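The lines below spell out each chain.
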Amino acid sequence: MYDKIIKDTEASMKKACESFEIRISKIRAGRANDSILDGITFSYYGTQTPINQAATISTPEPRLLVIKPWDKSNIKEIEKAINKSDLGINPQNDGEVIRLPFPALTEERRKELTKQVSEYSEDSKIQIRNIRRDSMDIAKKAEKSADLTEDDLFSIEEDIQKITKKYIDKVEKTVESKNKELLEV
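Note that the structure is predicted; figures quoted are calculated from it, not measured.

Another aspect to go through is the overall build of the protein. Across its full length, the protein holds four helices and six strands. Listing each helix as α and each strand as β along the protein from the N terminus yields α-β-β-β-β-α-β-β-α-α. Computed over C-alpha atoms, the radius of gyration of the protein comes to 22 Å, more than 25% over the 16 Å expected from 2.2 N^0.38 for 185 residues, which places it beyond the range of a compact globule. Overall, the protein is about 70 × 40 × 25 Å in size when its C-alpha atoms are taken along their principal axes. With 185 residues in all, the protein has 38% of them scored as buried. At a minimum sequence separation of 6, the contacts of the protein that also span at least 24 residues come to 65%. Here the protein has roughly 11,200 Å² of accessible surface; of this, 49% comes from carbon and sulfur atoms. Positive and negative side-chain charges of the protein, numbering 33 and 35 respectively, have mean locations separated by a distance of 4 Å.

Attention now moves to the packing of helix H1 (residues 2-25) against helix H4 (residues 150-183). Two elements in contact, H1 and H4, have axes whose closest approach is 10 Å; the angle formed by their N-to-C orientations is 10°. The orientation of H1 with respect to H4, classified from their angle, is roughly parallel. Per-class residue counts for the contact of H1 with H4 are 13 nonpolar, five polar and eight charged.

With that settled, consider the nonpolar core. Counting residues in each nonpolar core, the largest one holds 27 residues, and the members touching the most others are Ile27, Ile128 and Ile156. Those elements giving two or more residues to this core turn out to be H1, helix H3 (107-144) and H4. For this core, the element with the highest residue contribution is H4, accounting for nine residues. In contact with isoleucine 156, other than residues within four places in its own chain, are Tyr2, Ile5, Ile6, Ala139 and Leu148. Membership of the second largest hydrophobic core comes to 17 residues, among which are Ile51, Ala54, Ala55 and Ile98.

Let us now look at the domain arrangement of the protein. The domain architecture assigned to the protein consists of domain 1 (32-99) and domain 2 (105-181). The centre of domain 1, based on its C-alpha atoms, is set 36 Å off from the matching centre of domain 2.

Two descriptors summarise a pair of aromatic rings, namely the distance from one centre to the other and the angle between the planes of the rings. Considering all chains together, one arrives at two aromatic pairs under this definition. An angle of 65° between the planes, with centres 6.0 Å apart, marks the rings of phenylalanine 42 and tyrosine 44 as edge-to-face. Between the aromatic rings of tyrosine 44 and tyrosine 45, the centroid separation amounts to 4.9 Å while the plane-to-plane angle is 65°, which identifies the pairing as edge-to-face. Classification of tyrosine 45 as exposed rests on a relative accessible area of 65%.

In this section: the environment of leucine 182. Relative to the elements of secondary structure, leucine 182 occurs in helix H4. Since its relative accessible area comes to 0%, leucine 182 is described here as buried.

This part covers the sheet that holds strand E4 (residues 64-69). Read across the sheet, four strands follow the order E3-E4-E6-E5 without closing on themselves; strand pairing throughout is antiparallel. In this open sheet, the two edge strands, each paired with only one partner strand, are strand E3 (55-61) and strand E5 (92-93). As judged from the four bridges shared by E4 and strand E6 (residues 98-101), these two strands associate in the antiparallel manner. Note on E6: the bridge partner recorded for leucine 64 is proline 101. Each of E4, E5 and E6 touches helix H2 (residues 75-84); the most contacted strand, E6, lies at about 20° to it.

Applying the stated criterion across every chain yields a total of twelve salt bridges. Glutamate 10 is paired through a salt bridge with lysine 166; the nearest N and O atoms lie 2.7 Å apart. You can see glutamate 10 sitting in helix H1 and its partner lysine 166 sitting in helix H4, a full 156 residues away along the chain. In this structure, aspartate 169 and lysine 165 form a salt bridge, with 2.9 Å as the shortest nitrogen-oxygen distance. Linking aspartate 169 with lysine 165, this pair stays in helix H4, spanning four residues, or about one helical turn.

Cut-offs used in this document
- Residues numbered from 1 in each chain as written.
- Predicted model: local features only at pLDDT ≥ 70, side-chain atom pairs only at ≥ 80, totals over all residues.
- Heavy atoms only, no water.
- Helix = DSSP H or I, 4+ residues; strand = E, 2+ residues; numbered from the N terminus.
- Rg over C-alpha atoms; globule rule 2.2 N^0.38 Å.
- Buried < 20%, exposed > 50% of the residue type's maximum accessible area, 1.4 Å probe, protein only.
- Contact = heavy atoms within 4.5 Å.
- Areas by Shrake-Rupley, 256 points an atom, 1.4 Å probe, with all protein chains shown as cover.
- Lys, Arg positive; Asp, Glu negative; His and termini not counted.
- Charge placed at Lys NZ, Arg CZ, Asp CG, Glu CD.
- Axes fitted to C-alpha atoms, helices over the stretch in contact; angles between N-to-C directions.
- Parallel < 35°, antiparallel > 145°, perpendicular 65-115°, else oblique.
- Nonpolar A, V, L, I, M, F, W, Y, C, P; charged D, E, K, R; others polar.
- Core = buried A, V, L, I, M, F, W, Y, C linked by side-chain atoms within 4.5 Å.
- Domains from an automatic or database assignment.
- Phe/Tyr/Trp six-rings, centres within 6.5 Å; stacked < 30°, edge-to-face > 60°.
- Pairing = 2+ DSSP bridges.
- Salt bridge = Lys/Arg side-chain N within 4 Å of Asp/Glu carboxyl O.

Written as C-alpha cells, this is what we have:
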C-alpha cells in the first residue's frame, strides 16, 4: 500500500509538472520555436493532421520559422490552419515554403507574458498541493483501515512532502528560466 501511494503521488505530480511545461512552451518569447505549432492541424486529404507530420520545420534565424510541406499541394491548407490558430503571426507563402516571422516583443508585452507564466505556475502549484492533500487523505484512510501502521503513516507523509517540494521546486525553476527567456532583449 505504501509503495502504491508514493508511486501514484509521484506520477500525478509529474503529469501536473509536464502539463505546466507544455502550457508555457506555447508562450512565445519573440523567438522562433517549432513547439508553437504543436496542436495546429490541417485537413490532409480529409484527415486532420499535425503540421509537423506533413512538413519539415526549421529555424534558419532566431526570429523566423520556415515550414516546407512535403507535398506542395498542402501549402494553402497549412497556411489556412496557421491563420485560424491564435498565434498572432501572419504566415508568408511563396508557393514553396511558408515563413513565420516572429516580431520583437515590446517591454510591456514581455511583462504581461511573465505575469501569465506566473499565473500558470500558481495553477500548477495548486494542482500539486491538491495531489498532496489527496495522497495524505488516502494514507490516513489506509491507516484507519489497518493497511498502514502509524509509523508508516508518519513516513509516507514525510515522503509525500518531499515529492511535493521536489515538483514545486521544478515548477519554480521552469518559471525562472522562462521569465529569463522572456525578458531577454
